[in-house]
Amino acid sequence: MIDQLIALDKELFLSVNQGMSNAFFDWLMPILRNRFTWAPLYLFIIIFSVKNYKREGFMMIRALLLNFAISDSVSSKLVKNSIQRLRPCNDIELREQMVQRVRCSGGYSFTSSHATNHFAMAVLLIILFYRRWKHVLWLALLWAASISFAQIYVGVHYPLDILAGALLGVLIGLTSGFIYNRIRNKWMPETQ
C-alpha cells in the first residue's frame, strides 16, 4: 500500500514537473517560492494591522510571528527529521527524468515547510481579518496554494509533501486562531 502511494506520488510529481512545463511557469514559479518575493506583503500586513486595528494590531503581529515559528519548527525540525524522505531533486531514480528549476537543498522533503508555513499563515490571516475583510479568504488560500504548487513545479517537493504540509499548516493555523481569540476575548473584550 505504501509503495503504491509513493509510486503514485512520483507519477503525479512528474506530471506537474514535466507535464506542465512552459516558459511562463519556468519564469513565475521560482519567483513565487522565493522568500524575498513576499517581504513587501509581510510589511503590508504589519502596517495594515497596526493602522486598522491599533492596539490589537500589535497583538495580531505577535500571533502571526508565533504561528510562523511553530509551523516552521514542527515541519522542519519534528516531522522532516522523523520521516527523512529525500527531495525529488535528490532522488537518484528521478534525477534524470525531472526538470530541476532551482538549486536543490540537502534537507528532507516531507512535509513541505513552505506549504506548512504558508497555510498556517493563511488560515490565521483569515481568522484575524475575515470579519472586516471578506476577500482575505480567497486571497490567503490562493497565496498559500500557489506557493505550494510552485514547490512541486520547480522540483523540490512531491505532491504528498505539499498535501501533508498544507493539512499540518491548516491545523496549526486553526489552533493559533483559537488560542488568539481566547486571549483576545480575555484581554481585549472591547474589540469584539
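Since the model is a prediction, treat every value here as computed from it, not as a measurement.

Novice: Account for helix α3 (residues 39–83), with residues named and values stated.
Specialist: Given 3.6 residues per turn, any residue in an α-helix points the same way as the ones three and four places further on. Across its 45 residues, α3 extends only 30 Å between first and last C-alpha, which sits more than 12% below the 66 Å expected from 1.5 Å per residue. Y53 marks where α3 bends most, by close to 145°. Two residues or fewer past α3, Q84 is found with a positive phi of approximately 55°.

Novice: Please give an account of the pattern of salt bridges that cites residues and values.
Specialist: Under the criterion given, the structure shown has six salt bridges. Residues R101 and D26 are paired through a salt bridge, measuring 2.7 Å at the closest nitrogen-oxygen approach. A residue pair is termed long-range when its members are at least 10 positions apart, and R101 in the loop between α4 (92–95) and α5 (113–129) and D26 in helix α2 (residues 23–33) qualify at 75 residues. A salt bridge links D161 to R85; the nearest nitrogen and oxygen atoms lie 3.1 Å apart. Of this pair, D161 sits in helix α7 (residues 159–187) while R85 sits in the loop between α3 and α4, and the two are 76 residues apart along the sequence.

Novice: Give a detailed account of the packing of aromatic side chains, specifying residues and quantitative values.
Specialist: Under the counting rule described, the total for this entry stands at 12 aromatic pairs. Aromatic side chains F25 and Y153 sit 5.4 Å apart centroid to centroid with 85° between the ring planes, which places their arrangement in the edge-to-face category. Of this pair, F25 sits in helix α2 while Y153 sits in helix α6 (residues 136–154), and the two are 128 residues apart along the sequence. Accessibility classification places F25 together with Y153 in one group, the buried group.

Rules used throughout
- Residues numbered from 1 in each chain as written.
- Predicted model: local features only at pLDDT ≥ 70, side-chain atom pairs only at ≥ 80, totals over all residues.
- Heavy atoms only, no water.
- Helix = DSSP H or I, 4+ residues; strand = E, 2+ residues; numbered from the N terminus.
- Expected span 1.5 Å × (residues − 1).
- Bend = angle between axes of the 7 residues up to and from the residue.
- Salt bridge = Lys/Arg side-chain N within 4 Å of Asp/Glu carboxyl O.
- Phe/Tyr/Trp six-rings, centres within 6.5 Å; stacked < 30°, edge-to-face > 60°.
- Buried < 20%, exposed > 50% of the residue type's maximum accessible area, 1.4 Å probe, protein only.

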